[in-house]
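Next come the chains, spelled out residue by residue.
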Amino acid sequence: IIGITVSKAENFSQWYQEVVLKAELIEYYTEISGFFVMRPNTMYIWNTIKKWFQERIEAMGVEETSFPLFLSEKSLEKEKSHVEGFAPELAWVTMAGDKNLDTRVAVRPTSEAVMYPYYAKWIRSHRDLPFRLNQWNSVVRWEAKQTTPFLRAREFLWQEGHTAHLTEELAGKEVLEILELYAGVYEQLLAVPVVRGRKTEAEKFAGGYYTTTVEGYIPSNGRGIQGATSHCLGQNFSKMFEIKIEDPNKKGEHLYVWQNSWGLSTRVIGVMVMIHGDDKGLVLPPRIAKIQSILIPVGLTAKMTAEEKEAHLKRLDEILSTLKSAGVRAESDLRDGYTPAWKFNDWELKGVPLRIEFGPKDAAKDVVSYARRDTGEKGTIPIADLTTAVPALLETIQKDMYDRADAAYRAHRLQITKWEDVVPALDAKNVVLIPHCLTEPCEKRIKELTVSDGDQGADKAPDGQKAPSMGMKSLCIPFEQPEGLVQGETKCLNPECGKLAEKWCMFGRSY
Ligand SMILES: O=C1CCCN[C@@H]1CCCn1cnc2cc(F)c(Cl)cc2c1=O
Ligand SMILES: [Mg+2]
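How each quantity is defined
Residues numbered from 1 in each chain as written. Chains lettered and ligands numbered in written order. Predicted model: local features only at pLDDT ≥ 70, side-chain atom pairs only at ≥ 80, totals over all residues. Heavy atoms only, no water. Pairing = 2+ DSSP bridges. Helix = DSSP H or I, 4+ residues; strand = E, 2+ residues; numbered from the N terminus. Axes fitted to C-alpha atoms, helices over the stretch in contact; angles between N-to-C directions. Salt bridge = Lys/Arg side-chain N within 4 Å of Asp/Glu carboxyl O. Buried < 20%, exposed > 50% of the residue type's maximum accessible area, 1.4 Å probe, protein only. Near = heavy atom within 4 Å. Polar contact = N/O pair within 3.5 Å; in protein donor to acceptor, adjacent residues only side chain to side chain. Areas by Shrake-Rupley, 256 points an atom, 1.4 Å probe, with all protein chains shown as cover. Nonpolar A, V, L, I, M, F, W, Y, C, P; charged D, E, K, R; others polar. pLDDT = per-residue confidence, 0-100. Parallel < 35°, antiparallel > 145°, perpendicular 65-115°, else oblique. Left-handed = near helix turned anticlockwise from the far one by under 90°. Contact = heavy atoms within 4.5 Å. 1 Å grid on protein atoms, 1.4 Å probe; cavity = no way out; pocket = protein on both sides within 12 Å on 5 of 7 lines; lining within 4 Å. Points joined across faces, edges and corners; volume = space filled by probe spheres on them.

Description of the sheet that holds strand β4 (residues 70–72)
Then, number 1: If you walk across this open sheet you meet the 3 strands as β4-β6-β5, and the pairing is antiparallel. For this open sheet the edge positions go to β4 and β5 (91–96), each flanked by a neighbour on one side alone. The average angle at which neighbouring strand axes cross in this sheet is 50°, direction not considered.
Then, number 2: Pairing of β4 with strand β6 (residues 99–107), which is carried by 3 bridges, proceeds in the antiparallel orientation. Residue Leu71 lies in a different strand from β6, and its bridge partner there is Ala106.

Written as structure tokens, this is what we have:
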């Protein structure tokens, strides 16, 4: 096994490709570009996220469903208004065997058009509300841009929730409940901090009413990244698909239902890799690590007799059982023919949060030696304390990983009140908070005004795009608004705009 051959700071995109490959998360599907194989190490993380999220939406009353993979041109017609922008991404099936289909069918890129004709059929009375279904599946979007594992693929796993409510308020309440669960996936499982906010009109889902989002930050290139979205669709789709009920308060009148849709995908794994990984490879937050602690025998030299070696390995096995019975996902690496050093590198590459070494010297003192993957810190733990000390140490690692990422995000989220400070801030790998008018034309202009030849060196982002000399986009209007913006007085920061600022808006170069 050779480790990572480039440094994260020098060549972020190649570093990322090597990590996802050599940590055995991904395999490139070389038959067709833009597709990737997700291996057991990935599926463990995804299934941990799925269990966590599924348990919580079930508690909210969301039920599971599974709709067909294909959608018809006819049902797509119904949402034509916003679909045209997406049309180039649609994958079509036109033949079965050597026969043409009468009408071509599209592989779902998302399932509104598949599901909502049946919502219209099933939802007739206010007693049917709230109506809440979620499906775990994969969708296909034939991306034109350069693809990259987890972050931009032509097929990805996600969940898509689709709900219907009696009022805007009830829909709005759920939008935020789900957004908070998305933040929980990031902050509690992946140790990744996110900013919660609303998308601007320019960046929201065009078919919806408003979009709320959790926005991540990638220190290596200073770019923002959309982590997951929870949309209120308003009555836009219920009017397109005739999803209506008898108005409980006005006899004979009809009421279009208020809908939400919300999605989180395997992109979350790519965000975790980019934020926590280092030059030795993957660094896994313990809560989502398939192996939380790897036990490696050391010091088994030829000097030891066979009996001594056997007795030593027996003790090691007892330590393993002790850890497992304490709920730690522990394994031992007893592979012959590999040195301890080789094994250390291998498990560091795979991101195992805690290494435990056990040699004759440790045995003599009834301790084990440990090494943390995130900080490299080493120490010893009395064998008698393992059942409390190791779980506690894993929780400390989880918290420290989050705190370090949170400090980095806070330090690079700059509040800016002078326009000339914006581009230098972006070139110094920051995202910015600026007073903004929230209008679309202004945003478009800001993107043009903030293109720079930023001296980011030759670095390329993981999606292989040019070094971040792109202009900045709005990332979200943070729910948490800083002080200092006086309604009716503070101006939009874009010098060419002249309008009044409505809110502090977070902008940045982004994925
Ligand atoms: O983001 C979510 C959460 C989960 C359910 N869906 C919404 C909106 C999805 C937007 N979107 C995103 N991508 C799309 C690509 C397409 F080819 C077509 Cl035809 C439509 C869309 C499209 O509507
Ligand atoms: Mg897209």
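Some remarks on the pattern of salt bridges
Then, number 1: Tallied over the entire structure, the rule returns 38 salt bridges.
Then, number 2: Across the pair Arg373 and Asp278 runs a salt bridge, and its minimum N-O distance is 2.7 Å. Taken as a pair, Arg373 in the loop between β18 (367–372) and β19 (378–382) and Asp278 in the loop between α8 (267–276) and β15 (293–297) lie far apart in primary sequence, 95 residues in all.
Then, number 3: Among the ionic pairs, Arg315 bridges to Asp366, the shortest N-O distance being 2.9 Å. Remark: Asp366 occurs in the loop between α11 (360–364) and β18 and Arg315 occurs in helix α9 (residues 306–325); sequence separation between them is 51 residues.
Then, number 4: A relative accessible area of 29% means that Arg315 is categorised as partly exposed.
Then, number 5: On the basis of relative accessible area, Asp366 is assigned to the partly exposed category, the value being 42%.
Then, number 6: One continuous salt-bridge network, built from bridges that share partners, spans Asp333, Arg335, Lys343, Asp346 and Lys350.

Focus on the site of ligand 1
Then, number 1: The environment of ligand 1 is made up of 18 residues, and the closest members are Phe86, Thr110, Glu112, Arg141 and His231.
Then, number 2: Contact distances for ligand 1 include 2.7 Å between a nitrogen atom and a side-chain N or O atom of Glu112.
Then, number 3: At a separation of 3.4 Å, a nitrogen atom of ligand 1 approaches a polar side-chain atom of Arg141.
Then, number 4: Within the complex, the protein chains bury 94% of what would otherwise be the 520 Å² of accessible surface of ligand 1.
Then, number 5: Of all the elements in the fold, those that place two or more residues in the shell around ligand 1 are α4 (80–83), β8 (155–165), β11 (223–234) and β14 (258–265).
Then, number 6: A per-class count over the shell around ligand 1 returns 7 nonpolar, 7 polar and 4 charged.

A short note on the confidence of the model for the chain
Then, number 1: For the chain, per-residue confidence averages 96 on the pLDDT scale, and residues scoring 70 or more make up 97% of the total.
Then, number 2: Prediction confidence for the complex, expressed as pTM and ipTM, is 0.96 and 0.98 respectively.

Quick look at the packing of helix α2 (residues 40–59) against α8
Then, number 1: Where α2 meets α8, the axes come as close as 10 Å, and the angle between the chain directions of the two elements is 115°. In terms of orientation, α2 and α8 fall into the roughly perpendicular class. Where α2 crosses over α8, the two elements pack in a sense that is right-handed. In contact with Thr42, Ile45, Trp46 and Ile49 of α2, α8 contributes Val268, Ile269 and Met272.
Then, number 2: Considering only residue class, the contact of α2 with α8 consists of 6 nonpolar, 1 polar and no charged.

Brief notes about the layout of surface pockets
Then, number 1: Taken as a whole, the second largest pocket holds about 360 Å³ of empty space.
Then, number 2: Residue lining of the second largest pocket: 17 residues in total, with Val195, Arg410, Arg413, Pro478 and Glu480 positioned closest to the centre.
Then, number 3: Put simply, the parts of the chain that give the lining of the second largest pocket at least two residues each are β9 (195–198), α12 (386–411) and β20 (413–415).
Then, number 4: For the lining of the second largest pocket, the element with the highest residue contribution is α12, accounting for 4 residues.
Then, number 5: A class-by-class count of the residues in the lining of the second largest pocket yields 10 nonpolar, 1 polar and 6 charged.

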